[in-house]
Amino acid sequence: MTALSKRALGAYAAAGLPLAAAALPVYVHVPKFYAELGLDLALIGVLLLAVRVLDAVSDPLLGLLADRVPARAGGRKAMLAAAVPVVAAGMYLLFHPPANGIALAPWLALSLVLVYLGLSAASISYFALGSALSRDYAERTRITAARGVAALAGVLLAAAVPELLAREHGAVAGMGYFSVAYAPVLLGAVALTVLAGPQAPARRGAQELRLKGMLQPLRNGRFRRLAAVFLVNGVAAAIPATLVLFYVADVLRRPELTAMFLVLYFVSGAAGMPVWVRIAAAVGKTHAWLLAMVLAIAAFAWAYFLGPGDVAAFAVVCVMSGLAFGADLALPASMLADVIDDDESQQARPDGIYFGAWHLLEKLALALAAGIALPLLQFLGYIPGVTAAPGSALPWVYALLPCMIKLAAVSLLWFAAPETARTGVLKGEVT
């Protein structure tokens, strides 16, 4: 099958930049942003988790919608374009809270609903479009890697720009300015994908997909195994993302270097992706992902032992764990596209339905991380803004807890599905 040209691949990947740029402020900055405004960490964590109840219904429905929008109406590209104003409005409201402290909690909840709904609609249609662009095993990894590079560029912007704005205008005002500047970037990038990006082949029998099809992924054994690993690994990755601002400020005592650490991490992730693509081509996607998880554990555990001023050591941790993170961006979604092939012969290829379930798992992992880590820190006596000594609650929850959870993901990949890791394939994966 003919590979996509670099121009077509770049046009498709463009929308990944602003979608990722929205995710970082929501999952990294929101807890500290609203904590500084006076909300308890435990309440913020509960709200982040509770809002996900809506996703349990909305994401599968949006996945079904992504498959059913007819090509004559624009298909998945039309759904991606329609989600843009919802995302932009949600981002603006999220970082322009009312002055009345009593209204903070409901404002946060409603703003999160809007952001999550818009990001879900945009991301599910966008990922489903990418999944349908190729049937080739290696080309799928190339597509997800290109999307991952664009996403990392978006994350880098979302990591650096708020920090620069915060230095100039203060943390709260800086995020407000960021949310305003975000809208035109989102509009331009999505326009490039919609107008100049490749169009997936015509879908057979899209209108045959019905509500009962939302349960289709659960009937696929390969999907269930892959989803279990993805969810557990996602929780392990999301806990440090939720707590990194607290860790840098209260353990390393160098909050002004937060942007530098984030840039190191994500640049390393971008640098690592081509390596993981090559490793996956050589040994299979499952073996490559397993190797990346082990590398992440070996690198990140050292963060537990660091203390005030250990800047160079933490920079090394960021680089090594970032290299491993590149595999998380390049491989799992490519593996999911392979899994969807199981159901293609039965009816229309249900990319949207599968990525609706996948996106729900991704957000559930992020919500579980916040719902576990933030209340746990408060229970263990951590107070934001107070120096956290090595071995205290914050470094334990930030560094060791994610490593323990990632070990569970390794075990799932290796033991719970022995026909996957031990043979290097996901039962039917072609190497």
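Residues numbered from 1 in each chain as written. Predicted model: local features only at pLDDT ≥ 70, side-chain atom pairs only at ≥ 80, totals over all residues. Heavy atoms only, no water.

A short note on the overall build of the chain
A tally of regular secondary structure across the chain gives 16 helices and zero strands. With 431 residues in all, the chain has 56% of them scored as buried. Within the chain, contacts between residues at least 6 apart in sequence are counted, and of these 84% link residues at least 24 apart. If you sum the accessible surface of the chain, you get close to 16,500 Å²; carbon and sulfur atoms cover 71% of it. (Helix = DSSP H or I, 4+ residues; strand = E, 2+ residues; numbered from the N terminus. Buried < 20%, exposed > 50% of the residue type's maximum accessible area, 1.4 Å probe, protein only. Contact = heavy atoms within 4.5 Å. Areas by Shrake-Rupley, 256 points an atom, 1.4 Å probe, with all protein chains shown as cover.)

Some thoughts on the packing of helix α5 (residues 75-94) against helix α6 (residues 104-132)
Between α5 and α6, whose axes approach to 8 Å, the crossing angle comes to 155°. Taken together, the axes of α5 and α6 lie roughly antiparallel to each other. Relative to α6, α5 is oriented so that their crossing is left-handed. Looking at the contact of α5 with α6 residue by residue, the classes come out as 21 nonpolar, four polar and two charged. (Axes fitted to C-alpha atoms, helices over the stretch in contact; angles between N-to-C directions. Parallel < 35°, antiparallel > 145°, perpendicular 65-115°, else oblique. Left-handed = near helix turned anticlockwise from the far one by under 90°. Nonpolar A, V, L, I, M, F, W, Y, C, P; charged D, E, K, R; others polar.)

A look at the environment of G371
Relative to the helices and strands, G371 resides in helix α14 (residues 351-379). Put simply, G371 and G45 are 326 residues apart on the chain and 4.5 Å apart in space, counted from C-alpha to C-alpha. Ignoring anything within four residues of it in the chain, the contact list for G371 reads G45 and L49.

As for the environment of L43
Of note, L43 is situated in helix α3 (residues 41-50). L43 sits in the partly exposed class, given a relative accessible area of 35%. Sequence-wise, L43 and L374 are 331 residues apart; in three dimensions their C-alpha atoms are separated by 8.7 Å.

Let's talk about α5
Side chains that are three or four residues apart share a direction in an α-helix, a result of its 3.6 residues per turn. The terminal C-alpha atoms of α5, which comprises 20 residues, lie 30 Å apart, in line with the 28 Å expected from a rise of 1.5 Å per residue. The sharpest bend along α5 comes to roughly 30°, located at V84, with the proline P85 sitting one to four residues further on. Of the residues making up α5, those classed as buried are G75, R76, K77, M79, L80, A83, V84, V87, A88, G90, M91 and L94. (Expected span 1.5 Å × (residues − 1). Bend = angle between axes of the 7 residues up to and from the residue.)

Digging into the packing of aromatic side chains
Overall, the coordinates contain 17 aromatic pairs when judged by the stated rule. When the ring of F33 is compared with that of F95, the centres are 5.2 Å apart and the planes differ by 90°; the resulting orientation is edge-to-face. One end of the pair, F33, is in helix α2 (residues 16-36); the other, F95, is in the loop between α5 and α6, with 62 residues separating them in the sequence. Classification of F33 by relative accessible area gives buried; the value is 4%. An angle of 85° between the planes, with centres 4.8 Å apart, marks the rings of F261 and F314 as edge-to-face. Separated by 53 residues along the polypeptide, F261 in helix α10 (residues 258-283) and F314 in helix α12 (residues 311-330) bring together distant segments of the chain. Aromatic ring contacts, followed pair by pair, group Y247, F261, F300, F314 and Y398 into a single cluster. One cation-aromatic arrangement involves R147 over F127; the distance from NZ or CZ to the ring centre is 3.9 Å. (Phe/Tyr/Trp six-rings, centres within 6.5 Å; stacked < 30°, edge-to-face > 60°. Lys NZ or Arg CZ within 6 Å of the ring centre and 35° of its normal.)

Concerning unusual backbone geometry
In the Ramachandran plot, R253 falls in the positive-phi region, its phi being about 60° despite a non-glycine side chain. If you trace the backbone, R253 turns up in the loop between α9 (221-250) and α10.

A word on the side chain of K406
By the secondary structure assignment, K406 is in helix α15 (residues 393-416). Although K406 lies buried, it forms no salt bridge, and the closest oppositely charged side chain, D328, sits 4.2 Å away as judged by the N-O distance. Not counting the four nearest positions on each side in its chain, K406 is found in contact with N233, A236, M293, A296, I297 and D328. (Lys, Arg positive; Asp, Glu negative; His and termini not counted. Salt bridge = Lys/Arg side-chain N within 4 Å of Asp/Glu carboxyl O.)

Brief notes about the pattern of salt bridges
With the rule as written, the count across this model stands at four salt bridges. The salt bridge involving E36 is made with K32; its shortest N-O contact spans 2.7 Å. Taken together, the residues E36 and K32, both in helix α2 and four residues apart, mark about one turn of the helix. Classification of E36 as partly exposed rests on a relative accessible area of 46%. Here R254 and E256 are joined by a salt bridge, their closest N and O atoms 2.5 Å apart. Overall, the relative accessible area of 30% leaves R254 in the partly exposed class. For E256, a relative accessible area of 36% puts it in the partly exposed group.

Quick notes on the environment of Y12
Inspection of the secondary structure puts Y12 in helix α1 (residues 6-13). Of the residues examined, Y12 reaches a relative accessible area of 0% and is grouped as buried. For Y12 and I143, which are 131 residues apart along the polypeptide, the C-alpha to C-alpha distance reads 8.7 Å. In this view, Y12 contacts Y126, F127, L129, G130, L133, I143, R147, T193, G197 and P198; residues no more than four positions away in its chain are not counted.

Digging into the confidence of the model for the chain
Averaged over the chain, the pLDDT score is 83; the fraction of residues at 70 or greater is 88%. Across the chain, element-level confidence peaks in helix α11 (residues 285-300) with a mean pLDDT of 94 and bottoms out in helix α16 (residues 418-421) with 42. Per-residue pLDDT stays below 50 along residues 205-209; that stretch engages in 13 contacts with residues further than four places along the chain or on separate chains. pLDDT under 50 marks residues 418-431. Its contacts with residues more than four places away, or in other chains, come to 42 contacts. (pLDDT = per-residue confidence, 0-100.)

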